[in-house]
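Per-entry structural report
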Amino acid sequence: MAYLIRTIDFTSAGREIVRDREVDGDTLTIGRASESDIHLPDLAVEQNHARIEPGPGGQLKAEAVGTLGFTHDGRNRTSATFNPREGAELGFGTYRLAISQDGDEPVLIVITQVEEKAEDTDVVKGFALASALPSKRAMAWIGMIAVLVAFLAIPIYTNLTRERVEPDYDAQGATKMDASWSTGALSLAHHGLEDNCEACHVDAFVSVRDETCLTCHEEIGDHAPIPRQLTGRGPMSAGDQFLWAVAETFGKEGPGNCTTCHTEHEGEGRMEPPAQRFCAECHDGMDLRLTDTELGNAADFGLDHPQFKAVFYPNLGSDETQRLSLDDNIVEQHGLIFPHDLHMDPRGGVARMAGNIGAKRGYGEALVCADCHEPTADEVGFKPVEMEEACEACHSLVYDKVGNTFRTLRHGDVDQMRADLAAMDRAPRRPITTGRSRPGEYAQGRRYYQDFGRPMRNYIAINQALAPKGVCGECHIPTSTGGRADVMPVNLRDNYFMHGWFDHEAHKQEDCTSCHAADTSSTSQDLLLPKISGCRDCHEGEYATKAEVPSSCAMCHAYHPRPMGVPPGEKPASDRQVALISRRAE
């Protein structure tokens, strides 16, 4: 007797693979063992599961040889007899054996494998949710309708029927279920609006408007007028025009509005500054689009950025400023006389004086920058130099001694200085000391102090104090006002840059002189600002992966302009204020 065994397999792409082989013999063995005539690699099939052999009357007999049975036409059996010409199907695990025979042809056994799903069994079907609930399609429709009602219909209805409210940081919004529309957490600056969507989204399905942002940020300045920004940006591509057309359909106000740059719902934290690409869209090639601008092209700090420009006082005694590139020969006239190199020379007289004064004033063997320049609390900048802290240890203003009390001129007030000297004791005065003076003894309470001469010469002493080598003229430029001796008012800027800033705290690992050439500056007219080449030793553009500090535009520049000049709360320098380097308020 011969059997034709046909195995049908399927590839991962679903293509059918048919393999035929003939087996001669009366008995066929079926099992998971590899030597079985019909090998079925299924753990539900025993090693030697069953055999098929001829039965009476041309029939075939299938009989289990192990502990497990099989199915015969869907029914569990351990033994079954059937006529192959009438056809039969035997099941072993996930395999199905379709048995048939045409005439005298060999018995054909077609082997296929089926994926039996647990939910398809009768037992499981009895416990399935489908037997107690509507169909999956119906459930999907019900769920979709529920979502639309809860998260769309209710918010829309309450928004249309609510009482209009003004945007308020503290008030709750009137629209129900509006929090479910949030696409993410707000930034730290706006976290208080998490439950008050209407504070920003005033009208439903309309983008946040600039006027809403400005209800809180009313003092923020525009980068430039919108028409000028559009000119600087240049024409948009067709794709950008289409996207902006779609955005404007939902109320977005076009390029340059607040939400173009400030995207919310990006998670807790600070709003990320704009990328360099955002700035370069306008500032790269600006000279071709805004021909009247004085700004240079800038697209990358390391590759394409103009030299820094500083704002300074070019004329002595004038508040008028000038802005020039640091490549130009800048001579600053702020009214002070102060040679940095003289004070920083470690082998000069100042160093010896500082060494003599020593730890009493916190000096080392020589003066260093930190002896005079004290950083602010945030260490971003430096406080104004104070006369009594930084200068008076050596440049004493003591002019008289009464008993054990030393009388000191008031720094910063010329009229008061005149009055103090004019009112000096008119009795003959004994010199406090004689002989050659020594450095380091000029501080308040020490042996040496200013001796302005005999009483009848007080008015002469005033002129001597204001003379070039006098106690005032030593640091201030002498002049005359109304025929009387005087000194030039001091104009010292606290910010030399109009469109950028510098954080000293982030650079405190560097020596001051690595950026500021104070140790070689012999005149206070030198503007000791570093040029861009010095900054590029560490800083390059945002995409410079090999740079020590890849730097985007936002590291030094703000999009919204900041007012320059005297900080809020401080009085501007007047013509009667001798110096910003002044005595502390008592």
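What comes next is a walk through the structure. The structure displayed is predicted, hence computed values, not measured ones. Note that residues are indexed from 1 along each chain, following the sequence as it is written. Local features in this predicted model are restricted to residues of pLDDT 70 or higher, and side-chain atom pairs are both shown and tallied only at a pLDDT of 80 or more, whereas totals for entire chains, interfaces and linings draw on every residue. Hydrogens are left out, water is left out, and the side-chain values use all remaining heavy atoms of the structure.

It is worth spelling out the overall build of the protein chain at this point. Each helix and strand counted, the protein chain has 14 helices and 20 strands in total. The proportion of buried residues among the 586 residues of the protein chain is 30%. Put simply, 50% of the contacts in the protein chain that link residues at least 6 apart link residues at least 24 apart. A helix here means a DSSP run of H or I that spans at least four residues, while a strand means a run of E at least two residues long, and both kinds are numbered starting from the N terminus. Only protein chains enter the accessibility calculation, which uses a 1.4 Å probe; a residue whose area is less than 20% of its type maximum is buried, one above 50% is exposed, and one in between is partly exposed. Residue contacts follow a heavy-atom distance rule, with two residues in contact if any of their heavy atoms lie within 4.5 Å.

Another point: the sheet that holds strand 6 (residues 60-64). In this analysis, strands are considered paired if DSSP registers two or more bridges between them. Read across the open sheet, the 5 strands follow the order 4-3-5-6-9; overall the sheet is mixed. Of all the strands in the sheet, the pair left with one neighbour each is strand 4 (38-39) and strand 9 (79-82). Where strand 3 (residues 28-31) meets strand 5 (residues 50-54), 3 bridges bridge the pair, whose relative direction is antiparallel. When the bridges of strand 5 are listed, Ile30 appears paired with Ala50.

This next bit is on the sheet that holds strand 2 (residues 16-24). An order of 2-1-12-11-10-7-8 is seen for the 7 strands of this open sheet, with the pairing classed as mixed. Of all strands in the sheet, those with a lone pairing partner are strand 2 and strand 8 (75-77), marking the two edges. Geometrically, the sheet is characterised by an average inter-axis angle of 25° between neighbouring strands, direction not taken into account. Across 6 bridges, the pairing between strand 11 (residues 95-100) and strand 12 (residues 107-113) is antiparallel. In the strand pairing of strand 12, Tyr95 is matched with Gln113. Axis lines are fitted to C-alpha atoms, over the contacting stretch for helices. Their N-to-C directions set the angle, which ranges from 0 to 180 degrees.

A few words on the environment of Ala419. Topologically, Ala419 is positioned in helix 12 (residues 414-422). Judged by its relative accessible area of 39%, Ala419 falls in the partly exposed class. For the pair Ala419 and Ile462, spaced 43 residues apart in sequence, the C-alpha separation works out to 9.4 Å.

What follows concerns the environment of Asn83. Within the element layout of this structure, Asn83 appears in the loop between strand 9 and strand 10 (88-92). C-alpha separation for the pair Asn83 and Gly55, spaced 28 residues apart in sequence, amounts to 9.0 Å. Beyond its immediate stretch of four places on either side in the chain, Asn83 contacts Gly58 and Gln59. By the criterion applied in these results, polar contacts are pairs of N or O atoms within 3.5 Å in which, for protein atoms, one can donate a hydrogen and the other can accept it, and in which residues neighboring in sequence qualify only through two side-chain atoms. Within the local environment of Asn83, its side chain forms a polar contact with the backbone nitrogen of Arg85, the two atoms lying 3.0 Å apart.

Quick look at the packing of aromatic side chains now. Any two rings among Phe, Tyr and Trp, with Trp reduced to its six-membered ring, count as a pair given centres within 6.5 Å; such a pair is stacked if its planes are under 30 degrees apart, edge-to-face if over 60, and tilted if neither. Per the counting criterion, the structure on display carries 5 aromatic pairs. With centroids separated by 6.1 Å and ring planes inclined at 80°, the aromatic side chains of Trp181 and Phe205 adopt a geometry described as edge-to-face. With Trp181 in the loop between helix 2 (136-161) and helix 3 (210-213) and Phe205 in the loop between helix 2 and helix 3, this pair connects stretches of sequence that are 24 residues apart. The class for Phe205 is exposed, based on a relative accessible area of 52%. A network of ring pairs unites the aromatic residues Phe301, Phe308 and Phe497 as a single cluster. Whether a charge sits over a ring depends on NZ of Lys or CZ of Arg being within 6 Å of the ring centre and within 35 degrees of the ring normal. Positioned over the ring face of Phe301 is Arg536, at 5.8 Å from the centre of the ring.

None of the figures reported here should be taken as evidence of function without further support.
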